[in-house]
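Residues per chain, in single letters:
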Amino acid sequence: MSCTILSVIALFVFIAGIDICLGHPHFLGEKLDYGVTYLNTNCSWCSHKVVPDALSNEPCHIRQAGHFRLVESRRLMQWCDGFLWKDMDLARVMEYIQRLNLLQEAVKTLMNGVYNDPPRSCNQIYRRYKKLLGEAPQDGFYYIQPKLASYRVYCEMHGDRKGVTRVGRWGQNWDLQNMTSPDNQTYEIELLSPEDQQLIHDLHFKTAQVVCDTTLQIEARGHSVNPSTVKVIRQESLSRKIKHQKFKINNGHDYTLVELEGCEALRCSGREGSSAACGTGPEGNQLPARGNTTDPVVLASVLMKTGGNVSTFTWTGTHYYLLLK
């Protein structure tokens, strides 16, 4: 058995609840009663031998740490922790060996699938893993190949989200509140990169859900122009050819406020008795009518610029991402 296969198996060893000495797949260690675990990665350390009863009570020393032996008459496996020989239940050892053999075959099958039939989605990874190993894989990053290109994606593997692909931004600390400056400062937040958008185009999925905790507000007063721009993707186009829209307050009139409502719509509003820029803008990119929201959208990027004391913006939160399945 190649060292590559055994290295992969070591990653999955928690399933069997044992430690493996690489190079000797039949060698099994156990966690010691005071919480120390020996995992030998130098195969020259591993050894096994059969000893007569006369030697069964001999002490072991540090040079024998990682060795094990079988006391024939007692049908007992013993493990040296560097000080004492620790008893192991042979029936339990044989059970672990059988489980390890099954695990090795499952890992081989998974590896063959990665090379010969790459998974096309997180859902396919989940189903293959569950079928072969009997339990769900861990949440985390995996490689998928929905079409010709390969992508490193984050997969959620438990609960209602098992087999779901997460695309977007998380683990952030956005904290731009009521930003205004005469110096025309610029802040750009990219939520879906071009690669993310190509992944969305390549993936075959049935459902899309936006998850966020973000706050977005873009404000213009006194006929000022707020140069901030919100670039969005129309949700209805996610599973087809992606269509973008760009929203911007070109003339704020008396008072105009564009803000994120929930996670999937932009609302335009004004003040009672004052004019607003709602419903204006280039063809195909008009702001919603006053008091209304856009059709469901996904934010792709937010380009925020301060343009004086009468134009402000706010962007706060920790995550904004899509769940695709």
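About the criteria used
- Residues numbered from 1 in each chain as written.
- Predicted model: local features only at pLDDT ≥ 70, side-chain atom pairs only at ≥ 80, totals over all residues.
- Heavy atoms only, no water.
- Helix = DSSP H or I, 4+ residues; strand = E, 2+ residues; numbered from the N terminus.
- Buried < 20%, exposed > 50% of the residue type's maximum accessible area, 1.4 Å probe, protein only.
- Contact = heavy atoms within 4.5 Å.
- Areas by Shrake-Rupley, 256 points an atom, 1.4 Å probe, with all protein chains shown as cover.
- Pairing = 2+ DSSP bridges.
- Axes fitted to C-alpha atoms, helices over the stretch in contact; angles between N-to-C directions.
- 1 Å grid on protein atoms, 1.4 Å probe; cavity = no way out; pocket = protein on both sides within 12 Å on 5 of 7 lines; lining within 4 Å.
- Points joined across faces, edges and corners; volume = space filled by probe spheres on them.
- Nonpolar A, V, L, I, M, F, W, Y, C, P; charged D, E, K, R; others polar.
- Phe/Tyr/Trp six-rings, centres within 6.5 Å; stacked < 30°, edge-to-face > 60°.
- Lys NZ or Arg CZ within 6 Å of the ring centre and 35° of its normal.
- Disulfide = S-S within 2.5 Å.
- pLDDT = per-residue confidence, 0-100.

Caption draft 1: Focus on the overall build of the chain. Helix and strand counts for the chain stand at four helices and 20 strands. Residues counted as buried form 47% of the 325 residues belonging to the chain. Excluding contacts between residues fewer than 6 apart, the proportion of contacts in the chain whose partners are at least 24 apart in sequence is 59%. Of the roughly 17,300 Å² of accessible surface on the chain, a fraction of 50% belongs to carbon and sulfur atoms.

Caption draft 2: Expanded view of the sheet that holds strand β18 (residues 297-305). Taking strand neighbours across the sheet as the criterion, the four strands line up as β11-β18-β14-β15 in an open arrangement whose pairing is antiparallel. Two strands in the sheet have a free side with no partner beyond their single neighbour: β11 (186-190) and β15 (244-249). The mean inter-strand angle of the sheet, taken between neighbouring strand axes irrespective of direction, is 20°. Both strand β14 (residues 226-234) and β15 contribute to a ladder of six bridges, which runs antiparallel.

Caption draft 3: Spatial organisation of empty space enclosed by the protein. For the structure shown, the criterion picks out two cavities of 30 Å³ or more. What lines the second largest cavity is simply I218, S228, V230, F247, K248, I249 and V258. If you list the elements that add at least two residues to the lining of the second largest cavity, you get β14 and β15. With three residues, β15 is the largest single contributor of residues to the lining of the second largest cavity. Its residues placed into classes, the lining of the second largest cavity shows five nonpolar, one polar and one charged.

Caption draft 4: Expanded view of the packing of aromatic side chains. All told, the structure shown has five aromatic pairs when counted by the stated rule. Connected via pairs of aromatic rings, a cluster forms that spans F141, Y154, W170 and Y321. Across from the ring centre of Y255, 3.9 Å away, lies the NZ or CZ of R271, which sits over that ring.

Caption draft 5: Structural detail: the environment of K206. For K206, the location among the structural elements is in the loop between α4 (194-202) and β12 (208-212). Spatially, the C-alpha atom of K206 lies 7.5 Å from that of L324, the residues being 118 residues apart in sequence.

Caption draft 6: Up close: the state of the cysteines. This model, assessed by the stated rule, comprises four disulfides. Note on cysteine connectivity: C60 is disulfide-linked to C80, with sulfurs 2.4 Å apart. Across the disulfide from C60 to C80, rotation about the S-S bond amounts to roughly 90°, and the bridge is consequently right-handed. Highlighted residues: C60 in the loop between β3 (48-51) and β4 (68-71) and C80 in strand β5 (residues 76-80), separated in sequence by 20 residues. For C60, a relative accessible area of 7% puts it in the buried group. Judged by relative accessible area, C80 falls into the buried class, the value being 0%. Here C268 is linked by a disulfide to C278, with a sulfur-sulfur distance of 2.0 Å. Linking C268 and C278, the disulfide has an S-S dihedral of approximately -90° and is accordingly described as left-handed.

Caption draft 7: Region of interest: the confidence of the model for the chain. Scored by pLDDT, the chain has a mean of 77; 75% of the residues are at 70 or more. Throughout residues 1-48 the model reports pLDDT below 50, and contacts reaching past four residues in sequence, or to other chains, amount to 97 contacts.

Caption draft 8: Focus on the sheet that holds strand β19 (residues 311-317). Strand order in the open sheet made by the five strands is β10-β19-β13-β16-β17, with antiparallel pairing throughout. The two strands at the open ends of the sheet, each matched to only one other strand, are β10 (174-179) and β17 (265-269). Neighbour to neighbour, the strand axes of the sheet diverge by 15° on average, direction disregarded. Where strand β13 (residues 215-221) and strand β16 (residues 255-261) come together, five bridges link them in antiparallel fashion. Across the sheet, E219 pairs through a bridge with L257, a residue of β16.

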